[in-house]
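These are the residues of each chain, in order.
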Amino acid sequence: MKKLHITALLFLFITCSTSAQTIDGLRQKIQQIISTKNAVVGVSIIGDNEKDTLSINGDGHFPLQSVFKFHIALALLSEIDKGKFFLDQKIKIEKKDLLPGLYSPIRDKYPDGVTLPISRILEYAVSESDNVACDMLLRLIGGPSFVERYFQKNNFKDLSIKINEEVQQANWDMQFQNWTTPNAASETLFRYFLNKPKLLSKKSYDYIWKIMKETTTGKNRLRGQLPQYAIVAHKTGSSGANKEGLTAAVNDIGIVFLPNRKLFFISVFVTNSRENADTNEKIIADIAKATWDHFTARSK
């Protein structure tokens, strides 16, 4: 009996050591990817078993940019679950709302304004990263402070949402008021996907992951080097570069679904970068591919 006990402990030790070494191997690959880049990169990865976790600059403060549209959608869906709003509720978007300085597929398609259901405006905001849609939704639920308070009440930390897209896009320095950490971003993905304790109704849960999977932005980021069949539910954020050639935000956070019915949660933020736009996106794509290879290899 004693010999069996020692054998079991030895097996457990070897298994844990192998797991640690494997995740350390992924860490080394990611370090190699970012080591030659003139940028600050934050990474947070959680395997679906919660044990395979990895963090590089995971507690650093990174500007959210449009990633916060995911948080806005979650806060609004929570209000919909309370019956305060409805997905099919019609919202009038007037011509004066279609500000020319904001990225907006809505404005491009409806230059004189339009009336749309909340569900469609959410799709524009999350899947297409429409800034006009984003600010319409913020006005509907009570502004950025409402979203921030919602997450605080649900015990989420390391998240600051102070301003809307109109303010954020008008002044370079203002964007830094909306920030999170890579670890906090991955925790948000993780907790809302598991939905335990229940944060969203089944209808709202199904809806948010549907529109996250339909994201059309950032094709060269998390999705960039993955197989075409890969399913990714994600949200991007981008700042562009200022006059000095400095990029404040190239972000992508999401859930990557593996062919073995497993998945991983990943948040990659690139800031303070002197690299060009293609290189910034490739940093994210390279990290996602290394992570995909890591978890698919372990399942064989």
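Keep in mind that this is a model prediction, so the values were computed, not measured.

Caption draft 1: Summary view of the nonpolar core. Membership of the largest hydrophobic core comes to 62 residues, with the highest contact counts inside it found for Ile93, Leu122, Tyr192, Ile208 and Trp209. Setting aside chain neighbours within four positions, we find Trp209 in contact with Phe70, Leu189, Tyr192, Phe193, Ala233 and Ile255. Of all hydrophobic cores here, the second largest spans 29 residues; its members include Ala39, Ile266, Val268 and Trp292.

Caption draft 2: Spotlight on the pattern of salt bridges. Applying the stated criterion across every chain, the model contains 15 salt bridges. A salt bridge links Arg120 to Glu128, with the shortest nitrogen-to-oxygen separation between them at 3.8 Å. You can call Glu128 partly exposed: its relative accessible area is 22%. Between Lys202 and Asp206 there is a salt bridge, with the nearest N and O atoms lying 2.7 Å from each other. Of the two residues, Lys202 and Asp206 both sit in helix α9 (residues 202–213), 4 residues apart, roughly one turn of that helix. What makes Lys202 exposed here is its relative accessible area of 60%. One connected set of salt bridges, linked through shared partners, spans Glu79, Lys82 and Lys84.

Thresholds applied
Residues numbered from 1 in each chain as written. Predicted model: local features only at pLDDT ≥ 70, side-chain atom pairs only at ≥ 80, totals over all residues. Heavy atoms only, no water. Core = buried A, V, L, I, M, F, W, Y, C linked by side-chain atoms within 4.5 Å. Buried < 20%, exposed > 50% of the residue type's maximum accessible area, 1.4 Å probe, protein only. Contact = heavy atoms within 4.5 Å. Salt bridge = Lys/Arg side-chain N within 4 Å of Asp/Glu carboxyl O. Helix = DSSP H or I, 4+ residues; strand = E, 2+ residues; numbered from the N terminus.

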